[in-house]
Amino acid sequence: IMPFLDDISPSAIKIGSCNTIFRKNGKLYGTNTDADGFSKALLDFLGRKNLKGMKISIIGAGGAAKAVAYGVHALRGKACIFNRSLEKAKKLASAYGFKFASLDISSSNLLSKYSDLIIQTTPIGMLPEPDKDPIPFYSFKGHEILYDIIYEPSETKVMKRARDAGCRVSNGFSMLVHQGALQFEFFTGMQYP
């Protein structure tokens, strides 16, 4: 839809996706609320102002991962993109100066090095296949923080494994709420109640 809009936010251009369209001064304006919704939710969960000094794993390189990578970069985190398609991981990583690796057991050591925060962006673990795990080869040690953008089910298999190992975990419901609040404000021009 982006070619049909009058104006597009810089974030939507960089992410390559527009999920919100509204009228602004009589023109159609497009933006993407994924990165801002994710960033606000993540910082609330972490109790931090940014991600400086954190080594972060981003699991996946699809549409959601693009918004997450944009947010992680804006928050000054250092990340490694892990994906089944190494070419997609490389393409996304190169946009932000991140590292990249394949999403399999051969990358276990690298995942361990980037495990201050693990952000799961794939649909693996969503209904109707909640028994799937995007990183079954990884053994949580208990120091990792896991943010899974999936919110249905409220606890995915990878979240349960991380929690059982003593990790702090969160699902993506807070991201959805923050995205919705931003969209409400764009659509109505009013503060979200």
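Reference entry: report on the structure contained in this document. Keep in mind it's a predicted model, so treat the numbers as computed, not measured.

Tallying secondary structure elements over the protein chain gives seven helices and nine strands in all. Computed over C-alpha atoms, the radius of gyration of the protein chain comes to 17 Å, within 12% of the 16 Å expected from 2.2 N^0.38 for 193 residues, which places it in the range of a compact globule. For the protein chain, the spread of C-alpha atoms along the principal axes amounts to about 55 × 35 × 35 Å. In the protein chain, which comprises 193 residues, the share counted as buried stands at 48%.

Turning our eyes to something else, we now look at unusual backbone geometry. Residue Pro128 is bonded to the preceding Leu127 through a cis peptide linkage, with omega at 10 degrees. Secondary-structure assignment places Pro128 in the loop between strand 7 (117-120) and strand 8 (145-148). A cis geometry characterises the amide bond from Glu152 onward to Pro153, with omega recorded as 10 degrees. Relative to the helices and strands, Pro153 is located in the loop between strand 8 and helix 6 (157-164). The phi angle at Asn25 is positive, at roughly 55 degrees, despite the residue not being glycine. Here Asn25 shows up in the loop between strand 2 (20-24) and strand 3 (27-31). Unlike most non-glycine residues, Arg76 shows phi in positive territory, near 70 degrees. Structurally, Arg76 is set in the loop between helix 3 (63-74) and strand 5 (78-83).

Here we take up a positive patch on the surface. A surface patch of positive charge is lined by Lys55, Lys78, Lys99 and Lys113. Inspection of the secondary structure puts Lys113 in helix 5 (residues 108-113).

Strand pairing in a sheet is mediated by backbone hydrogen bonds. Such pairs are either parallel or antiparallel. Read from one edge of the open sheet, six strands run 6-5-4-7-8-9, paired in parallel fashion. Each edge of the open sheet is held by one strand with a lone partner, namely strand 6 (99-102) and strand 9 (168-170). Neighbour-to-neighbour, the strand axes of this sheet turn through a mean angle of 20 degrees, independent of strand direction. Pairing analysis gives four bridges linking strand 4 (residues 55-59) to strand 7, with the strands arranged parallel.

Now for the side chain of Thr31. Inspection of the secondary structure puts Thr31 in strand 3. Judged by its relative accessible area of 5%, Thr31 is buried. One polar contact links Thr31 to Ser9, side chain to side chain, over a distance of 3.0 Å. Discounting residues that sit within four places of it in the chain, Thr31 has contacts with Ser9, Ser11, Ala12, Cys18, Asn19, Thr20, Phe22 and Phe186.

Criteria and cut-off values
Residues numbered from 1 in each chain as written. Predicted model: local features only at pLDDT ≥ 70, side-chain atom pairs only at ≥ 80, totals over all residues. Heavy atoms only, no water. Helix = DSSP H or I, 4+ residues; strand = E, 2+ residues; numbered from the N terminus. Rg over C-alpha atoms; globule rule 2.2 N^0.38 Å. Buried < 20%, exposed > 50% of the residue type's maximum accessible area, 1.4 Å probe, protein only. Patch = residues over 30% accessible without salt bridge, like charges linked within 9 Å, V, L, I, M, F, W, Y side chains within 5 Å. Areas by Shrake-Rupley, 256 points an atom, 1.4 Å probe, with all protein chains shown as cover. Salt bridge = Lys/Arg side-chain N within 4 Å of Asp/Glu carboxyl O. Lys, Arg positive; Asp, Glu negative; His and termini not counted. Charge placed at Lys NZ, Arg CZ, Asp CG, Glu CD. Pairing = 2+ DSSP bridges. Axes fitted to C-alpha atoms, helices over the stretch in contact; angles between N-to-C directions. Polar contact = N/O pair within 3.5 Å; in protein donor to acceptor, adjacent residues only side chain to side chain. Contact = heavy atoms within 4.5 Å.

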